[in-house]
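Structure assessment
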Amino acid sequence: MDPECSRLLPALCAVLVDPRQPVADDTCLEKLLDWFKTVTEAGPSLLLLQENPCLVELLFRVLKAHDPRPRVLSFSLRLAGLFAAQEDCFQYLQVTPSSSVSQQGELLPMLFGESGPLGGAAWTAPTVRSGWLQGLRSLAQHPGALRFLADCGAVDTIFSLQGDSSLFVASAAGQLLVHILALAMRGPAEGHPSPQGCDWPACAQKIVCHVEDSLRSTATLQVTQALNVLTTTFGHCHSPWTQGLWVRLSPLVACLLEKDPIPASHSLVDLLLSVARSPVGSSDCGLWETLAQTLSHLSPTQAGPLALGILKLQDCPQALKTQAFGVLLQPLACVLKAAAQAPGPPGFPEGATGDSITVDTFLSSKSACVGLLCQALAHLELLQLLPQRPSPWPQAPLLRAAVAILRFCHGSAAPTSDVGGHLCAVLAGCVRVQRAALDFLGTLSQGTGSEEGLPGHTQVAPGLPQGPQLLRPGPPHPAVPRRYPWPLQELLPVLRKRLCSPCWEARDSGLEFLTQVTRHWGGQAAFRHALLASEVPELTGQLLRDPESYVRASAVTATGQLSSWGLYATPTGPEHPEVQQESLFTELLHILSTDSEGFPRRAVMHVFTQWLKDGHADVAEDLEQFVARVLQAASQDLDWEVRAQGLELALVFLEQLLGQPGSRCPYAVALPEAAPPATLAQVLQALCRVQLFEFALRALFDCDRPVAQKSCDLLLFLKAKATPCGGPQEAGASPDVVSVEAALQRWQAGEQGQPLGELEPEAVMAVLRSMDLEGLRGMLAKSSDHMEKSPQSLLQDMLATVGVLGENEADCY
Amino acid sequence: MPEIRVTPLGAGQDVGRSCILVSIGGKNVMLDCGMHMGFSDDRRFPDFSYITRNGRLTDFLDCVIISHFHLDHCGALPYFSEMVGYDGPIYMTQPTQAICPILLEDYRKIAVDKKGEANFFTSQMIKDCMKKVVAVHLHQTVQVDDELEIKAYYAGHVLGAAMFQIKVGSESVVYTGDYNMTPDRHLGAAWIDKCRPNLLITESTYATTIRDSKRCRERDFLKKVHETVERGGKVLIPVFALGRAQELCILLETFWERMDLKAPIYFSTGLTEKANHYYKLFIPWTNQKIRKTFVQRNMFEFKHIKAFDRAFADSPGPMVVFATPGMLHAGQSLQIFRKWAGSERNMVIMPGYCVQGTVGHKILSGQRKLEMEGRQVLEVKMQVEYMSFSAHADAKGIMQLVGQAEPENVLLVHGEAKKMEFLKQKIEQEFRVSCYMPANGETVTLSTSPSIPVGISLGLLKREMAQGLLPDAKKPRLLHGTLIMKDSNFRLVSSEQALKELGLAEHQLRFTCRVHLHDTRKEQETALRVYSHLKSVLKDHCVQHLPDGSVTVESILIQAAAHSEDPSTKVLLVSWTYQDEELGSYLTSLLKKGLPQAS
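In this report, we go over the structure that sits alongside the text. (Residues numbered from 1 in each chain as written. Chains lettered and ligands numbered in written order. Predicted model: local features only at pLDDT ≥ 70, side-chain atom pairs only at ≥ 80, totals over all residues. Heavy atoms only, no water.)

1. Observations regarding the overall build of chain A
Here is the rule we go by: Helix numbers and strand numbers start at the N terminus; a helix is a DSSP run of H or I with at least 4 residues, a strand a run of E with at least 2. By definition, residues are in contact when any of their heavy atoms lie within 4.5 Å. To be clear on the numbers: accessible area is Shrake-Rupley with a 1.4 Å probe, and residue cover counts the displayed protein chains and nothing else.
Counting secondary structure elements, chain A contains 43 helices and two strands. The long-range fraction of contacts in chain A, counting pairs at least 24 apart against all pairs at least 6 apart in sequence, stands at 71%. When the accessible surface of chain A is summed, it comes to about 34100 Å², and 55% of that surface belongs to carbon and sulfur atoms.

Quick look at the structure:
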């Protein structure tokens, strides 16, 4: 431990046990524990306690306190657990005389035994119960701990805490049981113990018997607790003894299936899947039967997650997979049946025919119907993306089902059956189902790409303009097929409508969609032709002046993308068609310099960087001028992310001039050799002309750390590139570095206003060589967070708060 | 029995990050989704694993409601919707919807800047999350689905802050979020109607405090700023871009105008422009005074407050600068602080709470030598002041709100356990309602009595009215009829109508009893004696002697028969209907006493 921390610790311990002193901040004790955890993990705890007797003193005094504060008591329990994780320290704490003669005794039994907080008034506070469990969790690491747990009767308390009124406590109790079970089985019983448990350690035997009793219980809560313990056990422990455990418990689990209704079905599904995924699953044939039985016993909504889980399993009998897939398809089969004009099978594999149970669920209530459909669509969507999805994949009927659902949603379906009529009533205008169906459709379209999918698309397209949410927020809706162009004559009017929507969300999603579509199809003649013939590019241009900054930013990205493909013609003003409009570059530069919001300015920087990388026509026209103007605008930006992106652009420029940092990055793709790298002197001159040095050097002392870090990286790259060839120049006339160094000092002092003036490349290089950029990079990597997070700072803060906590303590945000 | 369950994942006996789960009428609602700024790892977010266990989140949770834009109430929202995977509706008021992303973005930039953190949401995630938001108007009932509806009430506190009523059938819960019962310079006081919810979940930040007048604090603040500026010093006020910053701007602007002061006031970031724009846009959400004067002069168009340029910090002479972030832990405010900290003439005023580890926290706790990067030590000579402008209801305000809403139960959140305990007792004593204060993770379960609507048939009502009893909603009264449950509908009809509707024949149930009498006379004579006796005793009732020899009193039938074994004993067979049960019992007991001797 740091000597300074060691010095501060006694005072802090004194504060913690003083009931008159409030504990600073509710996060402080947590952070203190974090620190002790790192300290105890890094070295011997026993030494720590011996060198800092105030810690044991703290534990004693908290125990002896008449009315201990729950937070401090909880902290002490957890702290004691951390120390006792090491066996020698555990023994030390078992019988520890305190430095104070009046305080002696067996510390750990006093903390965790029945004479401790367990029986006291403080036990009513959940934080104390939680601290007790967490303390034991840390402590239970060695055989000695097991004996201790048995001696102090802790396991029985943990059993009762499984049903605690606090979720956190109950969950921690369950996890602790698993941990203790695994610890107990780690010792002599490791191997293949008998299922009967006669050779199991007493502690493990006790826990398993408790689980058995709980599984037999008629109270659902107890069954749930037992199932959760087992789920965690099979999820985390993969030792051979878990096989014996399953053999012993599986009949009891199977008994649950015979009850009606099945208790704790959700937890049961979790357990069965957890077992199936563990090594136990591959060796137990009975498990597959249990899974099949469970699938058929559960209601459609409950069976969905189990079916998906089964289909995700690597090794599982084909028959079970078929059954599971059938369960997932049932709701869609029902929909197809209900929507069918003519009788006939829905076209799904055998087993998915739209059974009566699913129909009953559909008819029971609106929320049940909506819930089941959304769940089925979400599960099938997930499944479609997996390599182990069922084959053959019923692409065509799935597409038909999704289309049918969409038709039900916007009321264009003509139902012929009762169920169809019911679906019409329930799904009409239901945005949630509509969204789910579209998401599913999007994923389907990315799927196999088989030709059978195509007719579906054309069917769906007319549905698109109807719904309000159809171009989903976020990334453009994947309902756009990647492999096959959408019917553009239908798509573009929809897009145009959305770009004119009064909702910013719709305009923004429209623009994001356009960007994506252009990225994929920008080179395809049909798309180019249709797009140019539509008003979409003009509208996009107009949205550069949208009142909503998110939309302006998306418009910047979209125009940038359009322009990269030559699809953006600068709009001519309708009032003055004869006036030559400014280029997109000028317009974006204007946004960069004047927009009051960060999003559009950042978007402009992204577009410019991309243009520079791609060699965009506007950039290639006068590369130096482009870079100079952009850097000038970026350097003055108040948003550090814009400044950081300015440096990103500067780096791309540097790489283009000097070549990739090949020697450092063996995977980098070399630039085309069309334009041979210029000589270093020319490059440096160019960098001076575009004022890249001034920008980068200023950024080195930026008040925002990421900017300084980026600049440091850039200058290091430059230094590395320039140094090998820099020798002769260095040997020549010594450049005038005084003015540069003076400016750097001013900037470092925070005086950003001073300009640097004309720069000599040699002077800059000389300054760079003399600077300890590596050291600076190391310091920046630590950041001032290094100070904020240090234990010393924490201890100082906690001590400093003593006595000054008044009104401000509860004055939150 | 239906029940309401409440589990705080945050704000249960603390003021960290509000996140409260409510189950009502089978619907699950999350109230607020806040972040704890005191942590820089996953602990800053509520532990959502307890709800993700229930399968797909969107299936389990019906909606999320955000009370206002402070990060301890909405900071985890992009994490929850974009990283944890909630895809359902999110409700908040329009100003919250507009301002929330600014604050989230502000915080994201600081978090990423200073901490270089992983597992934090991006700009795109904030935007995608905001697209899932549904804006609600005050007092507008929003139907989340067929059964669940919500309604927003004005909460004061900050622009757009709202209290929400959540209703499923006849059960309802009101969640206050943070609120203020006294109007301040730009906002009005919280208000709710007498909605009598089953449960009121209220914040209790100042559970034990009766706050002094805000005017005093404002005067104090202005005095300190004025004195510093007068002696040529500089004043730094670290703020978050919104909320308190606007309040202080109005305060200084009016003071500057009144005192004709010339020292410049700067606002350090472009964010505020947008913030001020929103304050202008949402003028209906501000208080009456601002709304009234709006036409002549918009309070948010500041004459004296100008945008700050980094170079200004080095300018000589006095000035006041508002700079972000508010806890002096990064960026512009920290940079200016470093420059000005060395001079006794300058002053920093912290108008809000600072978490441990920040420079703001250190100087507020009195530390004057701060270790900065690279082992540099910064000596703080400037004056450090703390000014609380927090707009929470104090104990009096909380009691006032409970009085207004008249809930059946109260649940306290967003406060400290000890102070809550005090307020809990006070509420229980004064309002005679149960008050709860669960810790995080603890579930409070309340049983509610369901109220089931029953239709009454016109016939039955008419019959009641015929008896001169007009229906009165305020006076509950007993009504006899037959309850028919059909197609999940309940109807109360007359028994005749019920029989008719159900196609059933009427059956009569009669009670019978045998009374033995010592009488040697013939049966007919005994019957006659019974008749005479009853006639004389029951003067108000209709007693008849029928030709077949039996006697009737109302529906009660009495027949005399000979005893099969004892000829000197006669058996009286008495039978009566349920309606005349009382009279029947009385008659039996009367007859058991025997007949008077014939005179």
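Let's pick the thread back up.
2. Overview of the overall build of chain B
Put simply, the rule is: Both definitions apply: the radius of gyration is a C-alpha atom measure, and the globule rule equals 2.2 Å times residues to the power 0.38. The buried label applies to any residue whose accessible area, calculated with a 1.4 Å probe on protein chains only, is under 20% of its type's maximum; exposed applies above 50%, and partly exposed to all values in between. Note on charges: Lys and Arg go in the positive column, Asp and Glu in the negative column, and His and the chain ends are not counted at all. Charge positions are represented by NZ for Lys, CZ for Arg, CG for Asp and CD for Glu.
In terms of regular secondary structure, chain B is built from 18 helices and 30 strands. In terms of C-alpha radius of gyration, chain B reaches 38 Å, well past the compact-globule figure of 25 Å for 599 residues. Taken along the three principal axes of its C-alpha coordinates, chain B extends 130 × 50 × 45 Å. The burial tally for chain B puts 57% of its 599 residues in the buried class. In chain B, of all internal contacts separated by at least 6 residues, the share reaching a separation of at least 24 is 70%. Accessible surface for chain B amounts to roughly 25700 Å². Of this, 51% is attributable to carbon and sulfur atoms. Separation of charge centres in chain B, based on 72 positive and 68 negative side chains, amounts to 6 Å.

3. A short note on the pattern of salt bridges
Our working rule: Just to be clear on terms, a salt bridge is a Lys or Arg side-chain nitrogen sitting within 4 Å of an Asp or Glu carboxyl oxygen.
Here the structure, examined in full by the defined rule, presents 55 salt bridges over all chains. Linking Glu512 of chain A and Lys131 of chain B is a salt bridge whose minimum nitrogen-to-oxygen distance equals 3.2 Å. Taken as a pair, Glu512 of chain A in helix α27 (residues 504-521) and Lys131 of chain B in the loop between α6 (123-130) and β6 (133-136) lie in two separate chains rather than in one. The same class applies to Glu512 of chain A as to Lys131 of chain B, namely buried. As a salt-bridge pair, Glu694 of chain A and Arg698 of chain A come within 3.1 Å of each other at their nearest N and O atoms. A residue pair is termed a helical-turn pair when its members lie 3 or 4 positions apart in one helix, as Glu694 of chain A and Arg698 of chain A do in helix α37 (residues 692-699) at four residues.

4. Regarding the packing of aromatic side chains
All names here are of chain B. The condition that has to hold: Note on ring pairs: Phe, Tyr and Trp rings are taken, using the six-membered ring of Trp, and paired if centres are within 6.5 Å. Classes follow the plane angle, with under 30 degrees stacked, over 60 edge-to-face and the rest tilted.
Inspection of the entire model under this criterion finds 29 aromatic pairs over all chains. Judged by centre distance (4.1 Å) and plane angle (10°), the ring pair of Phe45 and Tyr79 falls under stacked. Taken together, the residues span a long stretch of sequence, with Phe45 in the loop between β3 (27-31) and α1 (49-52) and Tyr79 in helix α4 (residues 77-84) at a distance of 34 residues. Tyr79 shares its class with Phe45; the two are buried. Cluster of aromatic residues (ring-pair linked, three or more members): Phe45, Phe48, Tyr79, Phe80, Tyr86, Tyr107, Phe120 and Phe121.

5. Considering the pairing of strand β30 (residues 569-577) of chain B
All names here are of chain B. Rules: DSSP-based pairing: two strands are paired if at least 2 bridges between them are found.
The element β30 is largely enclosed, with a buried count of eight among its nine residues. In this structure, strand β26 (residues 510-518) lies alongside β30, joined through nine bridges in antiparallel fashion. Considered in β30, the bridge of Leu517 is made with Lys570. Bridging between strand β29 (residues 556-562) and β30 involves six bridges; their strand directions are antiparallel. Bridging across to β30, Gln559 finds its partner in Leu573. Adjacent in sequence and paired antiparallel, β29 and β30 are bridged by six residues.

6. Some thoughts on a negative patch on the surface
Worth spelling out the cut-off: Each patch is built from salt-bridge-free residues with over 30% relative accessible area, joining like charges within 9 Å and nonpolar side chains (Val, Leu, Ile, Met, Phe, Trp, Tyr) within 5 Å.
Residues Asp736, Glu758, Glu760 and Glu762 of chain A make up a contiguous surface patch of negative charge. Relative to the elements of secondary structure, Asp736 of chain A occurs in the loop between α38 (705-731) and α39 (738-748).

7. Some words on the interface of chain B and chain A
To keep things clear, this is the line we draw: Throughout, the accessible surface (probe 1.4 Å) given up by two parts as they are put together, summed over both, is called the buried area. Pairing of N or O atoms within 3.5 Å defines a polar contact, subject to two protein rules: one partner must be a possible hydrogen donor and the other a possible acceptor, and residues neighboring in sequence count only if both atoms are side-chain atoms. As a working rule, the residues Ala, Val, Leu, Ile, Met, Phe, Trp, Tyr, Cys and Pro are called nonpolar, Asp, Glu, Lys and Arg charged, and the rest polar, with Gly in that last group.
With 84 residues of chain B in contact, the opposing surface of chain A contributes 79 residues. Between chain B and chain A the total buried area reaches about 6900 Å² when both faces are included, carbon and sulfur atoms providing 47% of it. For the pair chain B and chain A, the number of links is 14 salt bridges. Residue Arg43 of chain B pairs with Asp34 of chain A through a salt bridge whose shortest N-O separation is 2.3 Å. Counting across the interface, chain B meets chain A through 25 residue pairs in polar contact (both at pLDDT 80 or more). Contributions of two or more residues to the side of chain B that touches chain A are made by β1 (3-10), α2 (57-60), α5 (94-115), α6, α9 (271-281), α11 (331-340) and α12 (359-364) of chain B. In terms of residues, the side of chain B that touches chain A owes the most to one element, α5 of chain B, which gives nine residues. Of the residues contributing to the side of chain B that touches chain A, the split by class is 19 nonpolar, 34 polar and 31 charged.

8. Some points on a nonpolar patch on the surface
Residues and elements named next belong to chain B. On the surface, Ile452, Val454, Leu483 and Met485 cluster together into a nonpolar patch covering about 400 Å² of accessible area. Relative to the elements of secondary structure, Leu483 occurs in strand β24 (residues 482-486). Accessibility expressed as a relative area gives 47% for Leu483, which makes it partly exposed.

9. Some words on unusual backbone geometry
Here the amide bond leading from Asp260 of chain A into Pro261 of chain A is cis, since omega sits at 0°, within 30 degrees of zero. Mapped onto the elements, Pro261 of chain A comes out in the loop between α14 (241-257) and α15 (265-277). Note the cis peptide between Thr324 of chain B and Pro325 of chain B, where omega equals 0°. Looking at the secondary structure, you find Pro325 of chain B in the loop between β15 (319-323) and α11. You will see that Ala264 of chain A, though not glycine, has its phi angle at about 50°, which is positive.

10. Digging into the nonpolar core
Within soluble globular proteins, side chains that are nonpolar tend to cluster in buried spots. As a reminder, the rule being used: For the purposes of this section, nonpolar cores are sets of buried Ala, Val, Leu, Ile, Met, Phe, Trp, Tyr and Cys residues that join through side-chain atoms within 4.5 Å.
Ranked by size, the top nonpolar core spans 257 residues in total, and within it Phe608 of chain A together with Ile201, Phe221 and Phe337 of chain B carry the most contacts. Element by element, the count of residues in this core is highest for helix α35 (residues 640-658) of chain A, at eleven residues. By size, the runner-up hydrophobic cluster in this structure holds 166 residues, among which are Phe75, Val128, Leu183 and Leu215 of chain A.

11. Considerations on the sheet that holds strand β27 (residues 543-545) of chain B
Residue and element names in this part refer to chain B. Inclusion rule: To obtain an axis, a line is fitted to C-alpha atoms, over the contacting stretch when the element is a helix, and the angle between two such axes runs from 0 to 180 degrees between their N-to-C directions.
Pairing is antiparallel across the open sheet formed by five strands, whose spatial order is β26-β30-β29-β28-β27. The two strands at the open ends of the sheet, each matched to only one other strand, are β26 and β27. Within the sheet, the average angular offset between the axes of one strand and its neighbour, ignoring direction, is 20°. Each of β26, β28 (551-553), β29 and β30 touches helix α18 (residues 581-592); the most contacted strand, β30, lies at about 170° to it.

12. A word on the sheet that holds β3 of chain B
Residues and elements named next belong to chain B. Spatially, β6-β5-β4-β3-β2-β1-β22 is the arrangement adopted by the seven strands of the open sheet, whose pairing is mixed. Taken across any chain shown, the strands that pair with only one partner, and hence form the sheet edges, are β6 and β22 (444-447). Ignoring strand direction, the axes of neighbouring strands in this sheet form an average angle of 25°. Two elements, strand β5 (residues 90-93) and β6, share four bridges in a ladder whose sense is parallel. Residue pairing for β6: Tyr91 is matched across the bridge by Val134. Against the sheet, α4 touches β3, β4 (63-65) and β5, its axis set at about 155° to β5.

13. Quick word on helix α11 (residues 167-186) of chain A
Threshold: A helix is expected to span 1.5 Å multiplied by its residue count minus one.
An ideal rise of 1.5 Å per residue puts 28 Å on 20 residues; α11 of chain A measures up with 29 Å between its terminal C-alpha atoms. Counting buried positions along α11 of chain A gives 14 out of 20 residues, so the element sits mostly inside the fold.

14. Details of the environment of Arg310 of chain B
Residue and element names in this part refer to chain B. Along the polypeptide, Arg310 turns up in the loop between β14 (305-307) and β15. On the accessibility criterion, Arg310 (17% relative accessible area) is buried. In this structure the C-alpha to C-alpha distance between Arg310 and Asn180, which are 130 residues apart in sequence, comes to 36 Å.

15. Structural notes on helix α32 (residues 598-614) of chain A
All names here are of chain A. Here α32 spans 24 Å end to end across 17 residues, near enough to the 24 Å set by a 1.5 Å rise per residue. Of all 17 residues in α32, 13 are buried, a share of seventy percent or more. After α32 finishes, the residue Gly615 shows a positive phi value of roughly 70°.

16. Describing the pairing of strand β12 (residues 234-238) of chain B
Residue and element names in this part refer to chain B. Most of β12 is tucked away, with five of its five residues classed as buried. Residues Lys234, Leu236 and Pro238 line one face of β12 and the alternating positions Val235 and Ile237 line the opposite face, and both faces are buried. When β12 meets β15, the two strands line up parallel, connected through five bridges. In the sheet register, Pro238 faces β15, and the bridge partner there is Ala323. Two elements, β12 and strand β16 (residues 347-350), share two bridges in a ladder whose sense is parallel. When the bridges of β16 are listed, Leu236 appears paired with Val348.

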